[in-house]
Amino acid sequence: MDFIYNLGIRAYRLAVRAASLRNRKAQLMLEGQSHTYDTLRDTLEPGEDYIWIHASSLGEFEQGRPLIERITRDNPNLKIVLTFFSPSGYEVRKNYPLADVVVYMPFDMPGLVKQFLDLVQPRMAIFVKYEFWGNYLMELERRGIPCYVISAIFRESQVFFKPWGGMFRRILQCFTTVFVQNEESRQLLKQIGITRVEVAGDTRLDRVADVMNDKREFPTIQALSEGVDNTLIAGSTWEADEDLLIPYFNSHPEFKLVLAPHEFDRDRLQAIMERITRPVGLYSETSPEQARTLDCIVIDGFGILSALYRYGTIAYVGGGFGAGIHNVCEPAVYGIPVLFGPKFNKFREATDLVACGGAFTVIDKDSFARQMNRLLSSPQVIKQAGKQAGNYIKGHMGATDFIYNHIAGRLPKNKAQS
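As the structure is a computational prediction, the values presented were derived from the model and not from experiment.

Q: Report on the environment of Phe 116, specifying residues and quantitative values.
A: Locating Phe 116 in the fold gives a position in helix H5 (residues 110-120). Phe 116 gets classed as buried once you look at its relative accessible area, which sits at 0%. The spatial distance from the C-alpha of Phe 116 to the C-alpha of Arg 13 is 17 Å, given a sequence separation of 103 residues. If we skip the residues at most four places from it in the chain, Phe 116 touches Thr 36, Tyr 37, Leu 40, Trp 52, Thr 83, Pro 106 and Tyr 136.

Right, here's the structure in full:
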C-alpha cells in the first residue's frame with residue numbers, strides 16, 4: 001500500500017493513543033484491540049468456514065444486520081466473524097447471538113492486517129457502507145478472497161473523484177462488487193473506471209421493516225402515550241436538538257414526549273431532566289403505572305429506540321445540527337411524519353422523504369415551532385405526511401434479497417453436500 005497512506009494510518013493511531021488519555025471511547029477502542037488476536041485464537045474453530053463482516057459502528061451494524069441474518073438463516077454451516085471499529089458498535093453488540101466471534105478490527109497497518117487475516121482465514125469479506133481500508137482490501141484481493149461493500153453511497157465531493165485520488169480509486173478496484181444505494185453512485189463510479197457495481201438500494205430499509213414486524217412491546221412507553229392525541233418520539237438527540245425540543249415541549253401540554261439522547265452519562269441525563277419543567281422520569285426508573293402520571297420519559301438505555309417509534313404520532317431525528325442526521329428510516333417505517341435539522345443532504349432517504357412530503361426540515365426554534373404547530377393542529381396533515389413516509393419505505397425495500405442472491409454463489413457450501 002502507498003507509503004503516504006500507511007503514514008496517515010500510523011498518525012491516526014498515534015492520535016487515538018493521545019486521545020485515550022482523556023477520552024473514554026478511545027480508551028475502549030485501544031483496550032478492545034489489544035484483545036482481538038487472543039480472542040480469535042481462543043474462539044475460532046479450525047476447519048470451519050468463516051464469513052467476515054465489518055461495521056464501523058452501531059448504525060452500520062444495523063444496516064448490515066439483515067444480510068447477516070439472511071446468510072446465517074440459509075447457511076447454517078457458515079460461521080460469522082463480526083468486527084467493529086467504534087466502541088458505539090462493539091460495546092452494544094458484543095454479544096450478538098448470530099456472530100460466532102465479535103472483536104474490534106485492528107488498525108489498517110500491513111503487519112496487523114496479515115496477522116488478522118491469517119487467523120480468521122475468511123472465505124468472504126463484507127464491509128458496510130463507508131468502510132474503505134486500503135491494506136485490508138489489498139490483502140484480501142491478493143489472497144483471492146471475495147470482498148464486497150454494501151449500501152454504499154458516493155458523492156462527487158469524495159476523494160475518489162479528485163485528481164489526486166488515484167490511490168483511493170485503486171482501493172475501490174479491490175472489491176468483487178460494490179453494492180450502491182442509487183444510480184447516481186453507479187454513474188460516478190463509472191466515470192473513474194469502477195464498473196463492478198450493482199444498484200441494490202439500502203439494507204437499512206429492510207432492517208427497519210424487520211423491527212416493525214417484530215412488534216416488540218414496551219408497556220411503560222405505551223402507558224405514557226395513552227390518553228393523549230399526540231406523542232413525539234425524539235431519537236438520537238444532541239444538545240442542539242434539545243434546544244429546540246425542550247422549550248417547545250415545556251409550553252405545549254397538548255402532546256407527550258419520549259426523548260432518547262444519542263449519548264448519555266449521569267451528568268447529561270441530569271442536565272436534560274433539569275431543563276424539562278413538565279412531569280418527567282427516566283425509563284429505567286419508571287413503571288407503567290408511574291408513566292401514566294408523566295408527560296415525558298427520557299430513555300437511558302441502548303438498543304430499543306427503533307422499536308419505540310411505534311408509539312409515536314410524530315418523530316424527530318437528531319444530529320441535523322451536527323455531523324448529520326441519524327436514521328430517519330426507523331420512524332418513517334411506522335407511517336409517521338419525521339422532523340430533523342438542516343444537515344441532511346448527504347442522506348438519500350432523508351432528501352427523498354422531504355421531497356415526497358413525509359419529512360420536514362427545521363433550521364431553528366421558530367421553524368421547529370411552525371412545523372409542530374402545523375402538525376399538532378391538524379390530524380389530517382399528520383396522517384397524510386405519515387402515509388407518504390410509510391409508502392416511501394415500502395417502495396424501497398428489497399436490498400438484502402438483491403445482495404444475497406448476487407453473492408450466494410460464492411458462499412462456501414455445506415461440507416456434507418459438497
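Q: Before we move on, could you go through the packing of aromatic side chains and cite the residues and values that matter?
A: As enumerated under the stated definition, the model contains 26 aromatic pairs in all. Ring centres 5.1 Å apart and planes at 70 degrees place the aromatic pair Trp 52 and Phe 127 in the edge-to-face group. Residue Trp 52 is found in strand S1 (residues 50-55), and its partner Phe 127 is found in strand S4 (residues 124-128); the two are separated by 75 residues along the sequence. Its relative accessible area of 0% is what places Trp 52 among the buried residues. A relative accessible area of 0% places Phe 127 in the buried class. Linked through ring pairs, Trp 52, Phe 116, Phe 127, Phe 132, Tyr 136, Phe 154, Phe 160, Phe 161 and Phe 175 together constitute an aromatic cluster. Positioned above the aromatic ring of Phe 249 is the side chain of Arg 278, whose terminal nitrogen or guanidinium carbon lies 4.0 Å from the ring centre. Stacked on the ring of Phe 360, the Lys or Arg Arg 374 has its end atom at 4.7 Å from the ring centre.

Calculation notes
Residues numbered from 1 in each chain as written. Predicted model: local features only at pLDDT ≥ 70, side-chain atom pairs only at ≥ 80, totals over all residues. Heavy atoms only, no water. Helix = DSSP H or I, 4+ residues; strand = E, 2+ residues; numbered from the N terminus. Buried < 20%, exposed > 50% of the residue type's maximum accessible area, 1.4 Å probe, protein only. Contact = heavy atoms within 4.5 Å. Phe/Tyr/Trp six-rings, centres within 6.5 Å; stacked < 30°, edge-to-face > 60°. Lys NZ or Arg CZ within 6 Å of the ring centre and 35° of its normal.

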